Structures are given as C-alpha cells and as structure tokens.
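# Coordinates in review
So the chains spell out like this:
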Amino acid sequence: MRKTIILLFCIIPCLLSQAQHDVLVLQKRGMHVRSYTIGDPFIFETVYGQWFSGTIDDLRHDSIYILGQVFSYKEIKSIQRLKKGSAVGKLMMVAGGGFTGISIINGLIRKDPAKEWFTTSGYVIAGALLGGGLALSQMKSKYYHLGRKYRLLYLQIGKR
C-alpha cells in the first residue's frame, strides 16, 4: 500500500512534469518592458537587414528557433510589436455614427430644417466619437531598436 501511495504522489508527477523554458527579456534602461518565451509571436530585424516573423518554436543555448530557422539573440537589431486596431476605437466610431444617424432621423421625423438637426454639443459629441475612434483604430506598430535605450537579455532558466 505504501509503495502505491509513494508511486502516485511522488514519482509519477515527476515523470509527467515539464521544466521551465528559457526567456528573452526586452529591457528599456534596465527596466522590464516585455518578455518572450516559447509560443509567443515574434517579429524582428536581424543585423543583416532581414525581417523575420513567426512563433517562437524553441529557446536553447542563446538561440531562437522560428519556423525551423535558428538565430542567435545577438543577431537581433530591432523588434516590432504590432498594435492591433483597438476595439474601443471601432466601438467609438459606431457610437458616433449611430448618434449622427439618430439625430438626422429625428430631424426628418420632426420635419425640422437641416440646420436644426444638431446643436453645438451634438457636433462636439459626434466629432469627438468619430475622430477619437478613428485615431484609436489607426494605431501603428511600435519598433524597439536595440542599442542605447533597449536591450535584449537571454535568461537561461534550466540546464539542458
């Protein structure tokens, strides 16, 4: 009975567990900005001027494996982080369009002249929602150029 309990609680979990993986850490003047590990999307430029993108397959011995290719972390010149269009921005544009549409429909139903469909605050609200939503949805990618300000560290967690 004791052997079974020892086997279940001590030995089997050790056989099924996995070790931690190595980590790439992006720092800005010594402060943590972002970290990358296995399974993270990674877009970078090498010191040779080539851009590569893909998912990190493995991190071993100061090397990054992406799509079957091996790169040393010291070969990375810059890292690109994609900022996807904000869902809040799209929602703001829909709200601004809806506000504008409702104001126009109400003016048509009441048979008001076109100059009375909106008040000054109506123009401000519709413009702020549409303009702010457009600005938020058009966010561009951010580039981290390694060198003075940014630094890439390779942290080896476990020995292999």
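The structure contained in this document is the topic of the report that follows.

What counts, and at which threshold
Every chain is numbered independently, its residues counted from 1 as its sequence is written. At least 70 in pLDDT is required for a residue's local features to be given in this predicted model, at least 80 for side-chain atom pairs to be given and counted, and no such filter applies to totals for whole chains, interfaces and linings, which use all residues. Computation of side-chain values covers all heavy atoms of the structure but excludes hydrogens and water. Aromatic pairing here means that ring centres of Phe, Tyr or Trp (its six-membered ring) are within 6.5 Å. Orientation follows from the plane angle: under 30 degrees is stacked, over 60 is edge-to-face, and everything else is tilted. The buried label applies to any residue whose accessible area, calculated with a 1.4 Å probe on protein chains only, is under 20% of its type's maximum; exposed applies above 50%, and partly exposed to all values in between. Counted as over-ring charges are cases with an Arg CZ or a Lys NZ within 6 Å of the ring centre that also lie within 35 degrees of the ring normal. Nine residue types can take part in a nonpolar core, namely buried Ala, Val, Leu, Ile, Met, Phe, Trp, Tyr and Cys, and a core is a set of them joined through side-chain atoms within 4.5 Å. For the purposes of this entry, the term helix denotes a DSSP run of H or I that reaches at least four residues, the term strand denotes a run of E that reaches at least two, and both are numbered from the N terminus. Residue contacts follow a heavy-atom distance rule, with two residues in contact if any of their heavy atoms lie within 4.5 Å. For this analysis, a salt bridge means a side-chain nitrogen from Lys or Arg found within 4 Å of a carboxyl oxygen belonging to Asp or Glu.

## As for the packing of aromatic side chains
This model, assessed by the stated rule, comprises nine aromatic pairs. When the centroid spacing of 4.8 Å and the interplanar angle of 70° are considered together, the rings of Y36 and F42 count as edge-to-face. Exposure remark for F42: the relative accessible area of 1% places this residue in the buried category. Between F42 and F44 the ring centres are 5.1 Å apart and the planes differ by 35°, which places this aromatic pair in the tilted class. Every member of this aromatic cluster is reached through a ring pair, and the members are Y36, F42, F44, F52 and F71. Sitting over the face of the ring of Y65, R60 holds its NZ or CZ atom 4.9 Å from the ring centroid.

## Some remarks on the nonpolar core
Residues L24, F42, I64 and I79 are the most contacted members of the largest nonpolar core, which totals 17 residues. Where this core is concerned, the elements lending two or more residues are strand 1 (23–28), strand 3 (41–46), strand 4 (51–60), strand 5 (63–66), strand 7 (76–81) and strand 9 (150–155). Per-element tally for this core: the top contributor is strand 9, with three residues. Residues in contact with F42, not counting those within four places in the same chain, are L24, Y36, F52, S53, G54, I56, I64, I66, I76 and I79.

## Let's talk about the pattern of salt bridges
A complete count under the given rule lists two salt bridges for this structure. Of the charged contacts, one joins R60 and D58 as a salt bridge, the two residues approaching to 2.7 Å between their closest N and O atoms. Take R60: its relative accessible area is 30%, and that puts it in the partly exposed class. On the accessibility criterion, D58 (15% relative accessible area) is buried. Note that R110 is salt-bridged to D112, the shortest N-O span being 2.9 Å. Of the residues examined, R110 reaches a relative accessible area of 52% and is grouped as exposed.

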